[in-house]
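Single-letter residue listing:
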Protein chains: 2
Amino acid sequence: METNDPVDKPTKERAGATPPSIVLVKPQLGENIGFAARAMGNFGLHDLRLVAPRDGWPNEKALAAAAVAEPIASGATVFETLEEALADCNYVAATTARPREMIKPVLSPETASTTLRRRTQSGERCAVMFGGERNGLDNDSIALADAIITAPVDPNFASLSLPQAVLLFAYEWMKGSNPEALGRATTFDGPAREGLATPGTVPASRAALFGLFEHMEGALDAAGFLRPPEKRPTMVRSIRNMFHRMECTDQDVRTWRGIISAFTRRPTSSKG
Amino acid sequence: METNDPVDKPTKERAGATPPSIVLVKPQLGENIGFAARAMGNFGLHDLRLVAPRDGWPNEKALAAAAVAEPIASGATVFETLEEALADCNYVAATTARPREMIKPVLSPETASTTLRRRTQSGERCAVMFGGERNGLDNDSIALADAIITAPVDPNFASLSLPQAVLLFAYEWMKGSNPEALGRATTFDGPAREGLATPGTVPASRAALFGLFEHMEGALDAAGFLRPPEKRPTMVRSIRNMFHRMECTDQDVRTWRGIISAFTRRPTSSKG
C-alpha cells in the first residue's frame, strides 16, 4: 500500500505541500488575532505567525476569540521582526487595500490562491502578511513581499478589518482546493504549469535574500550611492522591490553576492 | 440616448436593481452587528435588517464596530419577527453550515451571488439571512427561505462567526459585479487591477536594457568576475535573464547604471 499515492488521497494536499503561513504584523487587539485564527481554521490554514503583537503573547482574549480554533492561536509563533518571521519562506504576499507606487505584481485573493497553491505544491513555503489594525502594512513591510494581494471592494469602503482580510484569503485558499483539480500528477512529476519555469529550483529563502539586501545596501552606503539621507528609504525600497521581481533562486543570490564582492574588492587584492 | 441600456453600462448595476438585504436573526453581540455592517459596506451592500437583537437597538457597540460603515449600522431597520423582516422580499436565502434534512436548493456563496444578481436585475427584492451567534438559524427560520447558502469550509471547523459569514456572501456579491476593480480608488488614480503594477511607467526600451547589459558586463570583466573565460557566456546569460525577470522600467535602468558607476568609481573620486 503506497500511502503517498495521490490517487489514494483525492481530497488532500499533495504530499509535502505546506499550506501558506499567515503573518500578522504588529496586530493590536487580541480579539482580532483570535478571530483571524478562527478564520484560518475554517479554511484549512494552520500556521499563524505574529510579529511584535502590541499586547504581548500569549493573550487570553485571543485564545477566547479563536473559539474552536484555539489550538491555532495557542500554537502561534511570535517574532520580534518581520524579517525573522519570513526567514524560512520562499514566496511572500502582502495584503493592502491600496497597491501604492510599488512596482510589484497585484493579485486578487482568487489569483493569489492559485499562485500560492502552485508554489506550495512545488515545495515552496509561502506566507501572506497582514498589517495591524490602525494603518495596515507600511511601505517597508510591503517591500519585503513578492506580490500584493488586494480584494475587490467598494472603493469608498476599502478598508477591511484584520480578521476579515485573513478570512478572504483563507476562503479563496479553500475554494481552490477543489478535489477535482488535484490528482493529475504522475509518479514522476506533474504536468507543466503556468508561471515562471524554475526546473529543479525554488526561490531563495527570505534569510538568503535579506542577507543579500544587507550586503548590497552596506556596499552602496560605502560607495556613497544611497544619498541624500532623506531619499535613502525610497531608494532602498526600490532596489529591494527589483530584487523581489527577479524571483532569485539561492544560486542567483550567490551570484549577486559575488558581483557585489567583485565590485567592492580592494584594488590591491583584485588578483585574488 | 437610452441611459438605462445595459450595453451602455457594462460594469454598473442595471438601473432599478436593489442589492440584497442582509437580515440578522436574533443577533447577540453589538460588535458583531457592527462588524457585519462594515463587511456590507466593504462590498457594496447597504440594507441591514435586525430581527429581535438581544441587547436592544440602537446599540453603541454596534455603531463603534461598524467604523466607516456607521451609516449602515445606524440605518438598520429593526423587526420583531422574521416574517415581518422578509415581508417585502421576493427571494430569500438562508445561510447555514449544515444544510440539514430540508429539501431546498443548496448554493455556494459564489453561485448565490450569481443567482441573486440575476433576480435583483429582474426587479426582485432579495435577502440573505444569518442566524445568531449561538446556534445559527433554527429550522423554522430556514423553512422560510427559498434556498440555502453554505460555504466550502474545513468540515472540522465549519462554524463561521456571524460577521465572517456576512463577509463571505458580500465579497462574492462584489466579485460578481465588477471583478476587475481591486482596492481603493483615489481621486488621482482608479482602482487597482491584477498584474504587475507599474504606476505611470512602462518597461524599459530594449536599447536601454542592452546599454545596461554592456555597462554591467564591462564592469564585471574589469572586476575579474566573469571568469574563467569558458564559463563567461553562461554567467552573462544568467545575469541577463535575471534583469529580464526584474521587468525594469527606464528609471530602474538608470538606478542600476548609477549603482554600477558607484561601485566602479575610482576611490580617489569617491567623494564626487
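Below you will find a few notes about this structure. (Residues numbered from 1 in each chain as written. Chains lettered and ligands numbered in written order. Predicted model: local features only at pLDDT ≥ 70, side-chain atom pairs only at ≥ 80, totals over all residues. Heavy atoms only, no water.)

1. Quick look at the overall build of chain A
Helices and strands together make up the secondary structure of chain A, namely ten helices and seven strands. Evaluated residue by residue, chain A yields a buried proportion of 53% over its 272 residues. Intrachain contacts of chain A at a sequence separation of at least 6 include 83% that bridge at least 24 residues. Surface summary for chain A: the accessible area is close to 12,000 Å², and the carbon and sulfur share equals 52%. (Helix = DSSP H or I, 4+ residues; strand = E, 2+ residues; numbered from the N terminus. Buried < 20%, exposed > 50% of the residue type's maximum accessible area, 1.4 Å probe, protein only. Contact = heavy atoms within 4.5 Å. Areas by Shrake-Rupley, 256 points an atom, 1.4 Å probe, with all protein chains shown as cover.)

2. A short note on the interface of chain A and chain B
It is common to report an interface's size as the accessible area lost on association of the parts. If you look at the interface, chain A gives 71 residues, while chain B gives 70 residues. Interface area for chain A against chain B, summed over the two sides, is near 6,000 Å², with a carbon-plus-sulfur share of 64%. Considering only the side of chain A, the residues that lose the most area to chain B are A:Pro152, A:Phe157 and A:Phe263, jointly responsible for 13% of the buried surface there. On the surface where chain A and chain B come into contact, there are six salt bridges. In this structure, A:Lys175 and B:Glu172 form a salt bridge, with 2.6 Å as the shortest nitrogen-oxygen distance. On the surface where chain A and chain B come into contact, there are 22 residue pairs in polar contact (both at pLDDT 80 or more). Those elements that place two or more of their residues in the side of chain A that touches chain B are α1 (30-42), β5 (105-107), α5 (109-121), α7 (162-175), α8 (206-222), α9 (232-246) and α10 (250-264) of chain A. Ranked by residues supplied to the side of chain A that touches chain B, first place goes to α10(A) with nine residues. Of the residues contributing to the side of chain A that touches chain B, the split by class is 42 nonpolar, 15 polar and 14 charged. (Buried area = accessible area lost by both parts, 1.4 Å probe. Salt bridge = Lys/Arg side-chain N within 4 Å of Asp/Glu carboxyl O. Polar contact = N/O pair within 3.5 Å; in protein donor to acceptor, adjacent residues only side chain to side chain. Nonpolar A, V, L, I, M, F, W, Y, C, P; charged D, E, K, R; others polar.)

3. What about the packing of α8(A) against α9(A)?
Residues and elements named next belong to chain A. Packing of α8 against α9 leaves a shortest axis separation of 11 Å and a crossing angle of 135 degrees. The pairing of α8 with α9 is recorded here as oblique in orientation. At the point where α8 passes α9, the crossing takes the right-handed sense. Contacts between α8 and α9 involve Arg206, Leu209, Leu212, Phe213, Met216, Glu217, Leu220 and Asp221 from the former and Arg232, Val236, Ile239, Arg240, Phe243 and His244 from the latter. Residue classes in the contact of α8 with α9 are distributed as eight nonpolar, one polar and five charged. (Axes fitted to C-alpha atoms, helices over the stretch in contact; angles between N-to-C directions. Parallel < 35°, antiparallel > 145°, perpendicular 65-115°, else oblique. Left-handed = near helix turned anticlockwise from the far one by under 90°.)

4. With respect to the sheet that holds strand β1 (residues 21-25) of chain B
Residues and elements named next belong to chain B. Pairing within the open sheet is parallel, and its seven strands lie in the order β3-β2-β1-β6-β4-β7-β5. Looking at which strands have only one partner, the edges of the open sheet turn out to be β3 (77-79) and β5 (106-107). Of the strands in this sheet, β1 and β2 (48-51) are in contact with helix α1 (residues 30-42), which crosses β2 at around 155 degrees. (Pairing = 2+ DSSP bridges.)

5. What to know about α8(A)
The terminal C-alpha atoms of α8(A) lie 24 Å apart, and with 17 residues this matches the ideal 24 Å at 1.5 Å per residue to within 8%. Restricting attention to buried positions, one finds in α8(A) the residues A:Arg206, A:Leu209, A:Phe210, A:Gly211, A:Leu212, A:Phe213, A:Met216, A:Glu217, A:Ala219 and A:Leu220. Residues of α8(A) that are buried sit in contact with α4 (82-86), β4 (91-95), α9 and α10 of chain A together with α10 (250-264) of chain B. (Expected span 1.5 Å × (residues − 1).)

6. Digging into the packing of aromatic side chains
All names here are of chain A. Within the structure shown, the criterion is met by 15 aromatic pairs over all chains. Relative to Trp173, the ring of Phe169 lies with its centre 6.5 Å away and its plane at 35 degrees, an arrangement referred to as tilted. Of the two residues, Phe169 and Trp173 are both situated in helix α7; the distance of four residues between them amounts to about one turn of the helix. The exposure class of Phe169 is buried, given its relative accessible area of 2%. Judged by its relative accessible area of 3%, Trp173 is buried. Each ring, one from Phe213 and one from Phe243, has its centre 6.3 Å from the other, and the planes form 50 degrees; the classification is tilted. Here Phe243 lies in helix α9 and Phe213 lies in helix α8, a separation of 30 residues in the sequence. Across the pair, exposure class does not vary: Phe213 and Phe243 are buried alike. Over the ring of Trp173 we find Arg117; its NZ or CZ atom is 3.8 Å from the centre of that ring. (Phe/Tyr/Trp six-rings, centres within 6.5 Å; stacked < 30°, edge-to-face > 60°. Lys NZ or Arg CZ within 6 Å of the ring centre and 35° of its normal.)

7. Re the environment of B:Ala97
Residues and elements named next belong to chain B. Relative to the elements of secondary structure, Ala97 occurs in the loop between β4 (91-95) and β5. The exposure class assigned to Ala97 is partly exposed, which follows from its relative accessible area of 44%. When the C-alpha atoms of Ala97 and Phe157 are compared, they prove to be 9.9 Å apart, with 60 residues separating the residues in sequence. In this structure Ala97 touches Thr150 and Ala158, once residues within four positions along its chain are discounted.

8. A closer look at the packing of α10(A) against helix α9 (residues 232-246) of chain B
What describes two packed helices is the angle between their axes and the distance between those same axes. For the pair α10(A) and α9(B), the least separation of the axes is 11 Å and the interaxial angle reads 105 degrees. When the axes of α10(A) and α9(B) are compared, the pair comes out roughly perpendicular. The segment α10(A) lies against α9(B), with A:Asp252, A:Thr255, A:Trp256 and A:Ile259 engaging B:Ser238, B:Ile239, B:Met242, B:Phe243 and B:Arg245. The residue inventory of the contact of α10(A) with α9(B), partitioned by class, reads five nonpolar, two polar and two charged.

9. So, α10(B)
If you check α10(B), its first and last C-alpha atoms are 21 Å apart, about what 15 residues at 1.5 Å a residue would give, namely 21 Å. Where α10(B) is concerned, the buried positions are B:Asp252, B:Val253, B:Thr255, B:Trp256, B:Ile259, B:Ile260, B:Ala262 and B:Phe263. Tucked inside the fold, the buried residues of α10(B) contact α8, α9 and α10 of chain A together with α8 (206-222) and α9 of chain B. The N-cap residue of α10(B) is B:Thr249: its side-chain oxygen and the backbone nitrogen of B:Gln251 are 3.3 Å apart.

10. Section: the environment of B:Asn32
Residue and element names in this part refer to chain B. As for its position among the elements, Asn32 is in helix α1. In sequence terms Asn32 and Lys61 are 29 residues apart; their C-alpha atoms lie 8.8 Å from each other. In this structure Asn32 touches Glu133, Leu162 and Pro163, once residues within four positions along its chain are discounted.

11. With respect to unusual backbone geometry
Residue and element names in this part refer to chain A. Residue Pro58 is bonded to the preceding Trp57 through a cis peptide linkage, with omega at 0 degrees. In this structure, Pro58 sits in the loop between β2 (48-51) and α2 (60-65). Put simply, Arg227 and Pro228 share a cis peptide bond, and its omega is -5 degrees. For Pro228, the position within the fold is in the loop between α8 and α9. Here the phi dihedral of Ala52 falls at roughly 50 degrees; this positive angle occurs in a residue that is not glycine. If you trace the backbone, Ala52 turns up in the loop between β2 and α2.

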